[in-house]
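A look at the structure
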Amino acid sequence: MAETSEAKPSAPPPGGDAGEDDKRDERMLECNICLDTARDAVVSMCGHLFCWPCLHQWLETRPSRQVCPVCKAAISREKVIPLYGRGNTKQEDPRNKVPPRPAGQRTEPESAGGFPGFGFGEGFHMSFGIGAFPFGVFTSTFNFGDPRPSAAPRGTAQFEEEQFLSKIFLWVAILFVLWLVFA
Amino acid sequence: MANIAAKRIKREFKEVMNSEEVAGGYIKLALVNDSWTELQGTIVGPPDTPYEGGTFQLEIKVPETYPFNPPKIRFVTKIWHPNVSSVTGAICLDILKDQWAAALTLRTVLLSIQALLSAAEAGDPQDAVVAKQYRESQQLFLLTARHWTNVYAGGPSAIWEFDQKVQRLLDMGIDEHEARVALSHYDWELERATEQLFS
């Protein structure tokens, strides 16, 4: 912004009147192409502010040479960030206008916990499914949309039965794999 | 004229008028017509160059597509410089061609042209004859440029020897400017210039 500050007729004295300050604030928000206050503002990765229609036209004019009009850094339609001020909601949605302004990108914050699949109840089933590999395929293939029954509470007869069954399936699976290897 | 171009030129005009460079008398800008499509720029020759003390007029034509395309600028005042045509005044400056950027303004362009007068780029000449002289006989180039500045741009230092030679050709009934061009092209060798003019 050295150019802009240079161009000022005279620097306002420190503690000057509010009007001068307002004027300077406005200049800070001028589009670098039309030199007017930026509307449908977007900012490039190199930090330069433009009206989206102005920048769009600039990029259209030189499709082979997409550079920032201020610092000539590489620039592209995908790599500009729209600025949504507070007053923006009162205006019509800029994306309805031609040319459409690229949308902002929202990335969800990363979750703090580990892999959710290895939680307490459900994960128990899942690790068995993987262990009994060929049969796990069947269960997951044929049970479309059915919710898996939750594990039987520890200590009951059903729990013992399930443990026994899964052990049998595990051995069957191991034998099956050995048969595949040695046959 | 497209709305954005006219609007921007008006803003730039104001910016130039309030700039330090105008206040200091280094550059000037004036309107030629009411439609803001044509302007007249003025730059003074930078110090420590053969252009020092001269005032150079520039023709500025603003295209419909401004600022997405550069303004068309040429020297109206005749000037002896490797990157300016001594015939048409066309300027070879990258920012007026493929290196144009929409954030450049008339002020920055005028200052760039002024800077070009301080630092010629002989590797990318507009006028091959001038560029050759610039590379091969620097001293003669400086004198010729100073002479042109004196004659066409109101520069202070006249080169007496060159004036005499131009006068000799003038006496033979040759147009003054034509005589000066011929002499400048032939390193101020009167015989060769005469030969060329009468061939």
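About the criteria used
- Residues numbered from 1 in each chain as written.
- Chains lettered and ligands numbered in written order.
- Predicted model: local features only at pLDDT ≥ 70, side-chain atom pairs only at ≥ 80, totals over all residues.
- Heavy atoms only, no water.
- UniProt positions renumbered as here; feature names shortened; annotations may be inferred.
- Helix = DSSP H or I, 4+ residues; strand = E, 2+ residues; numbered from the N terminus.
- Core = buried A, V, L, I, M, F, W, Y, C linked by side-chain atoms within 4.5 Å.
- Buried < 20%, exposed > 50% of the residue type's maximum accessible area, 1.4 Å probe, protein only.
- Contact = heavy atoms within 4.5 Å.
- Buried area = accessible area lost by both parts, 1.4 Å probe.
- Salt bridge = Lys/Arg side-chain N within 4 Å of Asp/Glu carboxyl O.
- Polar contact = N/O pair within 3.5 Å; in protein donor to acceptor, adjacent residues only side chain to side chain.
- Nonpolar A, V, L, I, M, F, W, Y, C, P; charged D, E, K, R; others polar.
- Pairing = 2+ DSSP bridges.
- Axes fitted to C-alpha atoms, helices over the stretch in contact; angles between N-to-C directions.
- pLDDT = per-residue confidence, 0-100.
- Arc of directions from axis to C-beta.

So, the UniProt feature "domain: UBA" (unreviewed entry) in chain B
In the UniProt entry, the feature "domain: UBA" (unreviewed entry) is given for residues 161-199 of chain B. With 77% helix and 0% strand, residues 161-199 of chain B has its two end C-alpha atoms placed 24 Å apart.

A few points about the nonpolar core
In this structure, Leu55 and Trp58 of chain A together with Ile43, Phe75, Ile91 and Ile113 of chain B are the most contacted members of the largest nonpolar core, which totals 62 residues. The element best represented in this core is helix α3 (residues 106-118) of chain B, accounting for six residues. Residues in contact with Phe75 of chain B, not counting those within four places in the same chain, are Ile43, Phe56, Gln57, Leu58, Val84, Thr88, Gly89, Ile91, Ile113 and Leu117 of chain B. One finds Ala179, Ala182, Leu183 and Trp188 of chain B within the second-largest nonpolar core, a separate group that totals eleven residues.

Regarding the interface of chain B and chain A
Across the contact, 23 residues belong to chain B and 21 residues belong to chain A. The contact between chain B and chain A buries some 1800 Å² in all, and 51% of this surface belongs to carbon and sulfur atoms. The tally of links from chain B across to chain A stands at three salt bridges. Between Lys7 of chain B and Asp36 of chain A there is a salt bridge, with the nearest N and O atoms lying 3.1 Å from each other. For the pair chain B and chain A, the number of links is nine residue pairs in polar contact (both at pLDDT 80 or more). For the side of chain B that touches chain A, the elements supplying multiple residues, two or more each, are α1 (3-17) and α3 of chain B. Tallying contributions element by element places α1 of chain B first for the side of chain B that touches chain A, with six residues. Across the side of chain B that touches chain A, the residue classes break down as nine nonpolar, five polar and nine charged.

Notes on the sheet that holds strand β3 (residues 80-82) of chain A
Each strand in a sheet pairs with another by means of backbone hydrogen bonds, the pair being arranged parallel or else antiparallel. Residue and element names in this part refer to chain A. Within the open sheet, the three strands sit side by side as β2-β1-β3. Their pairing is antiparallel. This sheet does not close on itself; its edge strands, each paired only once, are β2 (49-51) and β3. Along the sheet, successive strands turn relative to each other by an average axial angle of 35°, direction set aside. Where strand β1 (residues 41-44) meets β3, three bridges bridge the pair, whose relative direction is antiparallel. Each bridged residue has a counterpart across the sheet, and for Val43 the counterpart in β3 is Ile81.

Some points on the confidence of the model for chain A
All names here are of chain A. Here chain A averages 71 in pLDDT, and 54% of its residues register 70 or above. Across chain A, the secondary-structure element scoring lowest on mean pLDDT is helix α1 (residues 2-7), at 40, and the one scoring highest is β2, at 92. This stretch, residues 1-17, has a pLDDT under 50; its non-local contacts, to residues over four places away or in other chains, come to 15 contacts. A low-confidence stretch, residues 121-126 stays under pLDDT 50, and its non-local contacts, those more than four residues away or across chains, total eight contacts.

Quick word on the UniProt feature "active site" (unreviewed entry) in chain B
Residues and elements named next belong to chain B. In this numbering, the UniProt entry assigns the feature "active site" (unreviewed entry) to Cys92. Note that Cys92 resides in the loop between β4 (72-75) and α3. Of the residues examined, Cys92 reaches a relative accessible area of 12% and is grouped as buried. Contact partners of Cys92, with chain neighbours within four places excluded, come to Asn83, Lys97, Leu116, Asp124 and Gln126.

Some words on helix α8 (residues 190-198) of chain B
Residues and elements named next belong to chain B. All of the buried residues along α8 are Leu190, Ala193 and Thr194. Angular distribution of buried residues about the axis of α8 spans 100°; they occupy a single face of the element. Residues of α8 that are exposed and point more than 90 degrees away from the buried face comprise Glu191 and Glu195. Residues of α8 that are buried make contact with α6 (160-171) and α7 (176-185).

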